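Close look at the chain arrangement
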Amino acid sequence: MTEAMLGRRTDQQQPREHASPGRAWLELGVVGLGALMVSLSQSLLVPVLPILPQRLNTSSGNVEWLLTSTLLVGAVAVPVFGRLGDMFGKRLMLMVALTALAAGSLLDAVTSNVPLLIAGRAVQGASLAAIPLGISLLSSVLPPQRVRGAIALVSAMLGVGGALGLPLAGLVGEHADFHVLFWITAVAGAASLAATPLAVREAPSRSGGRVDIPGAVLLSTGLVALLLPLAQGESWGWGSLRTVGLLVLALVLLVVFVVVERRVVAALVDISAMSRRPIMLTNLASLLFGFALFASLIGTSSFVEAPRAAGYGFGSSIVVGGLCLLPSGLLMLALAPVAARLIGLWGAHRTLALGALIVAAGWLMRVVATGSVWEVVIGSTIIGGGTGIGYAAMPTLINRNTPVSEIAAANGLNSLSRSLGSSLASAVGGSILAASTVTLGGFALPSLAAYRVLFAVCGAAGVAAAVAALFIPPGEPDR
């Protein structure tokens, strides 16, 4: 990082020293609530998805679009909103993201029309940008000594939302109308939106300028072409013309995007900055963490809900399956201040490596310990703890190696890396679990061997993330 870059950062951090402790906690609480609601909205539908075709009188394929639409819009919104936040205001774009959460949730809360439900979920997808925007905003407005802890806490909300969302959705799915789930995120999202301009200051650094429309179109189209076959490949067939054609198109579009962005003055993505080793390795680790965490979500509740006759399950209810993940999310939250302290003592790159190794250890336990529910819970909790530590370190590494004028865009791309990891986990995990099955009552269920292969792949992803983290240059001390 150049001296000029460091100088600009130091100049813009001076006013933050005068924020009172009470004001700092209020800002953190408001941004954290928004991050929690966004994370919650992404997991709420997963447990109730199997019952929706009957309740909505539609096909399973149509219901799957309730997840796919959110994924596609989120992939586009995260990097674009991040860049717009750097240009015109991080708080402003955070409010736009929270508006999308509240509006999309409200639309879904008042309708049972499938196309409108999909549209509402697509609008919700834009809210995924709220988490990297919130991290970038707090990095800009909080006193420096509070930034590490704030980043760790907001990052933990990614896991807390998922851990809370699964049992909550299971409970609602069994005892109430699924529309209640959308009312929860609509009301809480609106409350967070209303509180943001009252409690949170705008970041002092705004670069202004013109929006890179060609870059935005190329990146958005390329990401949609990449993520759509990953989401639908299992139903389309991985060797189908549609799947292969879209993946090839994605590769071409993203290569063209890189070429174009290198020649644009005010690019959507600073390719030179993003290709620096610390940023590339952090984003690689983020992708691997995203893979491991999402596989834990899909490989824990379904595992314990499977019948014992499958050779591994416990016949648990949807609610119990979700509750098995609750300790994981709570540990992520509890470890947030510990992770912040470790970053100060060891450096963010070593803390990231530690988190990755803990994740790998948790997956090793999931491979060998399958005989009881408590073993599954302990294994998933260890994975959650390691993920929380790793997630806390990633924004610190991104912020430390990025110019102040590009922090929101850089955090957005880091968040996108995690989303890509989750999409890969869904695609790869689905294929692994479908490759080896047992048949019970006419239904095919994944075998124990298939689950163990998936868990081993996730453990290898954790080890790979640790290796990537250790190759990140130490850089300046983490203060």
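Residues numbered from 1 in each chain as written. Predicted model: local features only at pLDDT ≥ 70, side-chain atom pairs only at ≥ 80, totals over all residues. Heavy atoms only, no water.

With that settled, the discussion passes to the confidence of the model for the protein chain. The pLDDT averaged across the protein chain works out to 88; a share of 95% of its residues lies at or above 70. Between the elements of the protein chain, mean pLDDT differs from a low of 39, seen in helix α1 (residues 3-13), to a high of 97, seen in helix α5 (residues 90-109). In the model, residues 1-15 has pLDDT below 50 throughout and makes 22 contacts with residues more than four positions away in sequence or in other chains. (pLDDT = per-residue confidence, 0-100. Helix = DSSP H or I, 4+ residues; strand = E, 2+ residues; numbered from the N terminus. Contact = heavy atoms within 4.5 Å.)

Taken together, the side chains of F88, L92, V96, V211, I213 and V217 make up a nonpolar region of the molecular surface, amounting to roughly 480 Å² of accessible area. Put simply, the parts of the chain that give the nonpolar patch at least two residues each are α5 and α10 (213-236). Mapped onto the elements of the fold, V96 is located in helix α5. According to the relative accessible area criterion, V96 is partly exposed, its value standing at 35%. (Patch = residues over 30% accessible without salt bridge, like charges linked within 9 Å, V, L, I, M, F, W, Y side chains within 5 Å. Areas by Shrake-Rupley, 256 points an atom, 1.4 Å probe, with all protein chains shown as cover. Salt bridge = Lys/Arg side-chain N within 4 Å of Asp/Glu carboxyl O. Buried < 20%, exposed > 50% of the residue type's maximum accessible area, 1.4 Å probe, protein only.)

On to the packing of aromatic side chains, then. One pass over the structure, following the stated rule, counts nine aromatic pairs. Ring centres of F178 and F182 lie 6.4 Å apart, and the angle between their planes is 80 degrees; on these two criteria the pair is classed as edge-to-face. Of the residues examined, F178 reaches a relative accessible area of 3% and is grouped as buried. Of the residues examined, F182 reaches a relative accessible area of 5% and is grouped as buried. Arranged with centres 6.5 Å apart and planes meeting at 55 degrees, the rings of F303 and F314 form a pair that is tilted. Here F303 is found in helix α13 (residues 277-305), whereas its partner F314 is found in the loop between α13 and α14 (318-323), with eleven residues between them in sequence. Judged on exposure class, the residue F303 and its partner F314 are both buried. Three or more aromatic residues joined by ring pairs make a cluster, and in this case those are F303, Y312, F314, W363, Y451 and F455. For R418, the ring lying beneath its charged end belongs to Y391, and the centroid distance is 4.9 Å. (Phe/Tyr/Trp six-rings, centres within 6.5 Å; stacked < 30°, edge-to-face > 60°. Lys NZ or Arg CZ within 6 Å of the ring centre and 35° of its normal.)

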